[in-house]
Amino acid sequence: MPDMSAHLALTQLVPFAAEELDKNKVTPGVLGFVVFAVLALAVWFLMKSMNRHMGKVDFEEAPEDAADTPATSAAAPGK
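## Focus on the overall build of the protein
- Looking only at helices and strands, the protein has four helices and zero strands in total.
- The helix and strand sequence of the protein, counted from the amino end, reads α-α-α-α.
- Roughly 7,900 Å² of accessible area belongs to the protein as shown, and the carbon and sulfur atoms make up 68% of that amount.

Encoded structure:
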């Protein structure tokens, strides 16, 4: 029954660890910084890619006169 004694030891140590924890001094640590840095790099690469793709887009619109042709005005009933 070595598993049972290990479980009892862990349950007895957990309350001591909770008492020593100062909730005002908890920081994200190195892992939090690494995750934040990876997310920042991913956003930077996505913005760079989006900027490159948006540069390829042609935003010229057709003139409004081409949309109002005589065929569409003749097809409207009641005039």
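Here the narrative resumes.
## A few points about the packing of aromatic side chains
- For the structure shown, the criterion picks out one aromatic pair.
- Centroid distance tryptophan 44 to phenylalanine 45: 5.0 Å. Interplanar angle 65 degrees. Geometry classified as edge-to-face.
- Classification of tryptophan 44 by relative accessible area gives partly exposed; the value is 49%.
- Among the residues examined, phenylalanine 45 registers a relative accessible area of 52% and is labelled exposed.

## Structural notes on a nonpolar patch on the surface
- On the surface, a nonpolar cluster with roughly 600 Å² of combined accessible area is contributed by Val43, Met47, Met50, Met54, Val57 and Phe59.
- Tracing the backbone through its elements, the reader meets valine 43 in helix H2 (residues 29-56).

Definitions and cut-offs
Residues numbered from 1 in each chain as written. Predicted model: local features only at pLDDT ≥ 70, side-chain atom pairs only at ≥ 80, totals over all residues. Heavy atoms only, no water. Helix = DSSP H or I, 4+ residues; strand = E, 2+ residues; numbered from the N terminus. Areas by Shrake-Rupley, 256 points an atom, 1.4 Å probe, with all protein chains shown as cover. Phe/Tyr/Trp six-rings, centres within 6.5 Å; stacked < 30°, edge-to-face > 60°. Buried < 20%, exposed > 50% of the residue type's maximum accessible area, 1.4 Å probe, protein only. Patch = residues over 30% accessible without salt bridge, like charges linked within 9 Å, V, L, I, M, F, W, Y side chains within 5 Å. Salt bridge = Lys/Arg side-chain N within 4 Å of Asp/Glu carboxyl O.

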